[in-house]
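Listed here are the chains, written in short residue letters.
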Amino acid sequence: MVVSQRDLKSYIWMALLLLVLATNFALYRTPLTEVFLSEETKGVILGSLFDLAIVTPLLIIAIDRKNKFTIKRFIMLMAGGLIFAKLLIPAQHLAPFVGFSYVGFAIEGFIILFELSLIGFLFFLMPAVIRDVRTYDEGLLFAFPKAVQKRVSKHRIVQMIISDLLMFYYAFASWKRPVPVAPNTFTLHKKSSLLAFQIMLIHAIVIETLGIHWWLHEKSMVISIILLILNIYSVVFFLGDIQAVRLNPVRLKEQKLYLSLGLVKQMELSLDDIKSITTDQEELKKKLNAKTTIEFVARDFEEVHPHMILELKKPCTASLLIGFKKQYSRVAIRLDDPIAFKQALQQHLINE
C-alpha cells in the first residue's frame with residue numbers, strides 16, 4: 001500500500017509538470033498567443049519565468065524521489081528553466097526580462113567550467129592515482145575508482161570519466177594480462193553464453209556500420225557521423241566488458257567479497273554485512289524480483305536463475321554504469337561452481 005501511494009504521488013506531480021509545460025507552450029507557440037499576449041505582457045512573462053525557473057524544478061525534484069533535494073540540484077534545474085524560457089518565449093516579449101535568461105546561461109557555463117576543471121585536475125593527478133592503485137590489493141575495477149576519489153573527487157562527471165577510462169583500458173591495454181587463478185576465486189561466465197553473446201553483438205554492430213553508414217552518409221552526413229561514433233563506442237564497450245568479465249572473477253579476500261559483472265556492475269561487501277545465504281529455489285523466486293535485489297548473473301541465450309541470494313544486514317552500495325551508485329539489500333549470484341563458492345563463503349563467515 002505504501003508503494004502504491006508513492007507511485008500515485010509521482011503520477012500527480014508528473015501530471016502537474018506536464019500541465020505547467022503544456023500551458024506555457026500553448027501560450028507562446030500556438031494561435032492562443034495572439035489572444036493572451038496582444039497587449040500588456042509583463043505579468044504573463046513574469047508568471048512564465050516563475051513557472052519554468054521555480055515551479056518546474058520543484059516538480060521535477062518531487063517526481064524523482066531517488067535523489068534528495070539539494071540547493072545545488074535546484075540551482076542547476078532553475079538555470080535550465082531560465083534557458084528553456086529564452087528558447088520558448090518570443091524575443092520581443094522576453095526583452096524586458098532578458099537578463100534572467102542570461103543568468104541561466106552564466107550558471108550553466110560556470111558549472112561546465114567547474115566540471116572541465118575537475119577533468120583537467122584528474123588527468124594532472126593521474127600519475128599519483130596510478131601509484132595509489134598499485135598499493136591496493138584489489139582488482140583494478142575496485143582500486144582505480146577508490147584512488148581517484150581519494151585524490152580528486154566523487155563528483156558525477158569524475159565518475160563518468162573513471163568509467164570510460166576503465167572501458168578503454170580493458171578494451172585495448174589488458175589483453176596480455178593473465179586470467180586470475182587463485183584460491184577463493186570463482187568465475188561466473190564460463191558456463192554461460194555471455195561472451196559469445198557479446199561477440200555476436202560486436203559482429204552485428206560492425207556489419208550494420210559497414211552496411212548502413214555509407215548509404216546514410218549520402219542522406220545526412222551529420223546523422224551518419226553520429227551513428228558511426230555511437231557504433232564505435234559500443235564496440236569498444238563490449239570489447240572492454242569482455243575483458244573485464246574475464247579478468248575480474250568473484251573473489252573472497254580478507255573478510256571482503258568482491259563481486260563484478262564486467263563494466264556493468266561491481267559491489268564490494270564486508271562479510272560482516274552478510275546476514276544469511278538463501279539457496280532454496282522457491283525462496284529465490286520470491287526475493288529475485290524485488291527492487292532491492294542486484295543480480296550478478298551472466299546473460300545466456302536461455303533463461304537462467306541465480307544459485308543463491310545473499311541477504312544483507314543493511315543496504316550496501318553497488319557501482320553501476322557511468323558511475324551511478326545504488327543501494328541494495330539482497331545480492332543474487334550465479335556461479336560456475338556454486339558449491340565451492342558457498343563452502344568457501346561459509347568457512348569465511350565461520351572464521352569471522
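Before reading on, note that the structure itself is shown above.
Treat the numbers as computed from the prediction; the structure is a model and nothing was measured.

J.: Got a minute to help me understand the packing of aromatic side chains in this structure?
T.: To describe a pair of aromatic rings, one takes the distance between the centres and the angle between the planes. On inspection of all chains with the given rule, the structure shows 5 aromatic pairs. Summarising the aromatic geometry, the rings of Phe142 and Tyr258 are spaced 5.2 Å apart at their centres and angled 65 degrees between planes, so their arrangement reads as edge-to-face. Here Phe142, found in helix 8 (residues 140-151), pairs with Tyr258, found in strand 3 (residues 256-261); they are 116 residues apart in sequence, far enough to count as distant. You'll find Phe142 and Tyr258 in the same group, each marked buried. The lysine or arginine in question, Arg251, covers the ring of Tyr258, its NZ or CZ lying 5.3 Å from the ring centre.

J.: Explain the pairing of strand 2 (residues 250-253) to me, please; I cannot follow it from the model alone.
T.: Where a strand is regular, its side chains alternate between the two sheet faces. Only one face of strand 2 is buried: it carries Val250 and Leu252, and the other face, with Arg251 and Lys253, is open. Pairing analysis gives 3 bridges linking strand 2 to strand 3, with the strands arranged antiparallel. Each residue of the ladder has a partner; that of Leu252, found in strand 3, is Leu257.

J.: Mind showing me how you'd approach the pattern of salt bridges here?
T.: A side chain of one charge can pair with a side chain of the opposite charge if their charged atoms are brought near each other. For the structure on display, the rule yields 6 salt bridges. Residue Glu268 pairs with Lys256 through a salt bridge whose shortest N-O separation is 3.4 Å. On the criterion of sequence distance, the pair formed by Glu268 in strand 4 (residues 265-270) and Lys256 in strand 3 is long-range, its members being 12 residues apart. Residue classification places Glu268 among the partly exposed residues on the basis of a relative accessible area of 22%. Lys256 gets classed as partly exposed once you look at its relative accessible area, which sits at 29%. In this structure, Glu311 and Arg330 form a salt bridge, with 3.1 Å as the shortest nitrogen-oxygen distance. Of this pair, Glu311 sits in strand 7 (residues 308-319) while Arg330 sits in strand 8 (residues 325-333), and the two are 19 residues apart along the sequence.

J.: Can you help me understand the nonpolar core in this one?
T.: Generally speaking, soluble globular proteins have nonpolar side chains that are buried together. Counting 63 residues, the largest nonpolar core has Phe144, Leu257, Leu259, Met267, Leu269, Val331 and Phe341 as its most contacted members. In this structure Phe341 touches Phe186, Val250, Leu252, Leu257, Met308, Ile333 and Leu335, once residues within four positions along its chain are discounted. If you look at the next biggest cluster of nonpolar residues, it comprises 12 residues, including Ile45, Leu82, Leu94 and Phe97.

J.: What should I look at first to understand the pairing of strand 4 in this one?
T.: Of all 6 residues making up strand 4, 5 are buried, and the element is well covered by its neighbours. Looking at chain direction, strand 3 and strand 4 are connected through 6 bridges and run antiparallel. Across the sheet, residue Ser260 finds its bridge partner in strand 4, namely Gln266. With antiparallel pairing between neighbouring strands as the criterion, strand 3 and strand 4 make up a hairpin whose turn holds 3 residues, including Gly262 at a positive phi of roughly 65 degrees. Pairing geometry for strand 4 and strand 7, over 2 bridges, is antiparallel. Bridging from a neighbouring strand, Met267 pairs with Ala318 of strand 7.

The rules we used
- Residues numbered from 1 in each chain as written.
- Predicted model: local features only at pLDDT ≥ 70, side-chain atom pairs only at ≥ 80, totals over all residues.
- Heavy atoms only, no water.
- Phe/Tyr/Trp six-rings, centres within 6.5 Å; stacked < 30°, edge-to-face > 60°.
- Helix = DSSP H or I, 4+ residues; strand = E, 2+ residues; numbered from the N terminus.
- Buried < 20%, exposed > 50% of the residue type's maximum accessible area, 1.4 Å probe, protein only.
- Lys NZ or Arg CZ within 6 Å of the ring centre and 35° of its normal.
- Pairing = 2+ DSSP bridges.
- Salt bridge = Lys/Arg side-chain N within 4 Å of Asp/Glu carboxyl O.
- Core = buried A, V, L, I, M, F, W, Y, C linked by side-chain atoms within 4.5 Å.
- Contact = heavy atoms within 4.5 Å.

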